[in-house]
Amino acid sequence: EGMWLLAYLDKNYKDMKAKGLKLTPKQLYDVNQACTKDAIGWFGGGCTSEIISSKGLVLTNHHCGYSAIASLSSTSDNILDNGFWAKSMNEERSAKDISLAIVQRMDDITLFITSQLKGVAEKDRASVLAKIYTRYQDSIGKGMDSMMYKNKTLQVRCFEFLKGNAYYAFVYKRFYDVRLVGTPPQSIGKFGGETDNWMWPRHTGDFSMFRIYSDSLNNPTSEFAASNKAYTPKSFLSVSMKGVKEGDFAMIMGFPGRTNRYEFAQGVKLASDDVDPVIVALRDIRLKAWKEEMNKSDDVRLKMSSTYASIANYWKFFDGESLQLKKLKVFELKSGQEVAFTKWAKGKPEYENLISDVNKAYEEYKPIALQRTFLSEGIMAPYIMQAAAAGYSLEENMKKNDMAASQKMVAAMMPGISELPMYPDIMRADKKIFAQILNKYYTTIPVSQQPALIKTILEKYQGATPLESFEKYADDMYTNSVFSNKDRTIAFLQNPVWDVIKDDIGYKHIAAFRENYNEKYKPLIDSFNMKNAALGRTYVKGMMEMNPKVNMYPDANSTIRLTYGQVQGYNDFPFMTDLDGVVAKHDQNNPEFMVPEKLLELHKNKDYGRYALKNGKLPVAFLTNNDITGGNSGSPVLDGNGHIIGLAFDGNWEAMSGNYVFDQKLKRTICVDIRYVLWNIDKLGNAPNIVDEMTLVN
Ligand code: ARG
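Quantities reported herein were computed from a predicted structural model and do not represent experimental measurements. (Residues numbered from 1 in each chain as written. Predicted model: local features only at pLDDT ≥ 70, side-chain atom pairs only at ≥ 80, totals over all residues. Heavy atoms only, no water.)

Student: Would you mind going over the site of the ligand with me for this structure?
Tutor: In the neighbourhood of the ligand, the contacting residues comprise H63, K190, G193, E194, N197, W198, A309, N313, S633, F649 and D650. Here H63 contributes a side-chain N or O atom positioned 3.1 Å from an oxygen atom of the ligand. When the free accessible area of the ligand is taken as 350 Å², the share hidden by the protein chains comes to 93%. Among the elements of the structure, α8 (193-196), α10 (298-327) and β19 (644-651) are those that each provide at least two residues to the shell around the ligand. Class assignment of the residues belonging to the shell around the ligand gives a composition of three nonpolar, five polar and three charged. (Near = heavy atom within 4 Å. Polar contact = N/O pair within 3.5 Å; in protein donor to acceptor, adjacent residues only side chain to side chain. Areas by Shrake-Rupley, 256 points an atom, 1.4 Å probe, with all protein chains shown as cover. Helix = DSSP H or I, 4+ residues; strand = E, 2+ residues; numbered from the N terminus. Nonpolar A, V, L, I, M, F, W, Y, C, P; charged D, E, K, R; others polar.)

Student: Sorry if this is basic, but what is going on with the packing of helix α14 (residues 383-392) against helix α17 (residues 424-444) here?
Tutor: Any two packed helices are characterised by the angle at which their axes cross and by the distance between the axes. Contact geometry of α14 with α17 gives a least axis separation of 8 Å together with a crossing angle of 90°. The angle between the axes of α14 and α17 places the two elements in the roughly perpendicular class. Residues Y383, I384 and M385 of α14 pack against I426, M427, D430 and F434 of α17. Its residues assigned to classes, the contact of α14 with α17 shows six nonpolar, no polar and one charged. (Axes fitted to C-alpha atoms, helices over the stretch in contact; angles between N-to-C directions. Parallel < 35°, antiparallel > 145°, perpendicular 65-115°, else oblique. Contact = heavy atoms within 4.5 Å.)

Student: Is there a simple way to explain the packing of helix α16 (residues 403-419) against helix α20 (residues 486-494) in this structure?
Tutor: Put simply, α16 and α20 touch, their axes get as near as 10 Å, and they point 170° apart. Compared by their axis directions, α16 and α20 come out roughly antiparallel. Taking contact as the criterion, the partners of Q407, V410, M414, I417, S418 and E419 in α16 are, on α20, K486, T489, I490, L493 and Q494. A per-class count over the contact of α16 with α20 returns five nonpolar, four polar and two charged.

Student: Got a minute to help me understand the pattern of salt bridges in this structure?
Tutor: Side-chain pairs of opposite charge can arise where the charged atoms are in close proximity. Applying the stated rule across the entire model yields 40 salt bridges. One salt bridge connects R286 with E377, and the closest N-O pair in it is separated by 3.5 Å. In this pair, R286 sits in helix α9 (residues 265-296) while E377 sits in helix α13 (residues 369-379), placing the two residues 91 residues apart along the sequence. Residue class for E377 comes out buried when judged on its relative accessible area of 12%. Three or more residues are tied together by salt bridges with common partners; here these are E293, K296, D425 and R428. (Salt bridge = Lys/Arg side-chain N within 4 Å of Asp/Glu carboxyl O. Buried < 20%, exposed > 50% of the residue type's maximum accessible area, 1.4 Å probe, protein only.)

Student: For this particular structure, what's the right way to read the state of the cysteines?
Tutor: Tallied over the entire structure, the rule returns one disulfide. Free cysteine C671: the closest other cysteine sulfur is in C64, separated by 14 Å. Among the residues examined, C671 registers a relative accessible area of 0% and is labelled buried. (Disulfide = S-S within 2.5 Å.)

Student: Explain helix α6 (residues 125-150) here, please?
Tutor: Within an α-helix, residues lying three or four positions from one another point in the same direction, as the helix has 3.6 residues per turn. Here α6 is 26 residues long, yet its end C-alpha atoms lie only 27 Å apart, well below the 38 Å a rise of 1.5 Å per residue gives. For α6, the principal kink sits at M144 and spans about 105°. Of the positions making up α6, those classed as buried are R125, L129, I132, Y133, Y136, Q137, G141, M148 and Y149. Considering only its buried residues, α6 is in contact with β7 (100-108), α5 (110-117), β8 (154-161), β9 (166-175) and α22 (505-546). Trailing α6 by a residue or two, K152 shows a phi angle of about 65°, which is positive. (Expected span 1.5 Å × (residues − 1). Bend = angle between axes of the 7 residues up to and from the residue.)

In structure tokens, the structure reads:
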């Protein structure tokens, strides 16, 4: 358990060494000497990647490269389904939406920030903090290299830790010239699909490869440049051919996104009982309607695959989280901790009433908590409403006839609008989604909290059921609204005039829901969030005082961390899977479990080369007890020497409660074995040139 800050690994060193670490803390993180952290990249903002050759070759998950791979695919050049390997650097393809950031250093700025925050009222804290961050970032960044800071290849970012009890700044070099080197077909990279997602035993070859490019001085550039050369890294990871066995030391360095390990019991209960199930139900509506259209056309399937996968990933996540929070009695666990805290707090004015204040705040918040979930996951989910939202944001300007102000905003919104997938087939699905979500809102949210528009709709569009009425309303909306069609939306945005849309049915819809939310619920929700943040900060501060000897780790917040432990199975499962298991799951009639012919053939011939296990089988995936979360995807799994043995790509179903509590018995990291990665490139992908670039150690 623990996602540790790299600059303080000294505190864990004794323990790590006893478990099998052969490196020193300085070999993992150092500001002046090349070290492991120089090989780790924050990939696309939501994943991790690592450099594994002297020529900037980068390894990450298939699901991390998925959107880049999908957008480079078409029915005539279908690399998502067929796979792709560049036979030389010339064949690599620019992944223009991907950037990769490498941490240069981290600095403790707690004293500076807290002194600046002195005397600031709680309600102003967030906005003042944002200004302090900007000032600090600018002064450090410009001081280091003003040119690079200006074009964002040098970045400085401040982060809050331990709910506001500590602050650190991170300096990055960010590379924007990133190119796709290769990917297995998605029948391997996403083998098992949504069925196996978040599950063990697992048989997915979840990897893809990129390369970062730099200018003649080896510096990152702010975009693709044909004259760029492959980046020469400060350090890169060697690849272990030794393989893993249970009990072996294993550590993972990467960028975990978000955990909430110090959450209050009431927060856990709200998630498991109310919020998570609603997210699942709302996402289910979108997924079913999209799937119907994706099954009808390969073109639509390729266009929607990436969005579908990311919505489906957290649809299943929240389903599992809700289930396991209850099953593992996390509410009871947190309540018990709060009882102990309150006992300790007796006679300490700062802490004495904390938990009862928390419970009071949640009691007020609970009845309206779903308003927020419904807005982001429901009302705003249909593409028609995303288009209408652009119009809605211009309302003030339009009413004042301030065309210049509108145009400025439109210019900023246009790239997002032109990327909305508002194709006819998708809009057919969108219309169904719209009506079903509205029905779900109508049946879940108390009538007293609904905008008056709902009653008007039910009176005007009379169907046999409320759903049927909403469907008739949707017919009208998707025929007549300006926002039901991308060309019309863009034409409107190019000349945004109030008269054109003040009676538009789509516009009136979004305005009714936004106003209802903004006027009645947003102030209450903002005030709860502010109170909750302050209470959380005090709670964590109190816990540190209560247990002064405990080395407390901060929650994940997308900053670089290290987690260490061992290769380890759980329950009665094997700790490792192999290619026989892939073939056993193979199913000709199920696209989620269909593998390429060539894989079956290589399996039949046991053509595993140097990647085979001693028993003649080919390893596929294994488990460790490392502490990861979303954002760690693509992180290297390293042995005691810092050599890569695998690639972290998932968590397991039985411990989906992991963002709130680390369950020693059940929580595992699912990793793809590095030898399966190499076999896929070499034997299946026929690209030994890529393997030759790496440094393999025995
Ligand atoms: N569960 C994996 C993660 O969050 C992502 C898997 C993506 N695959 C999928 N079938 N949606 O790291």
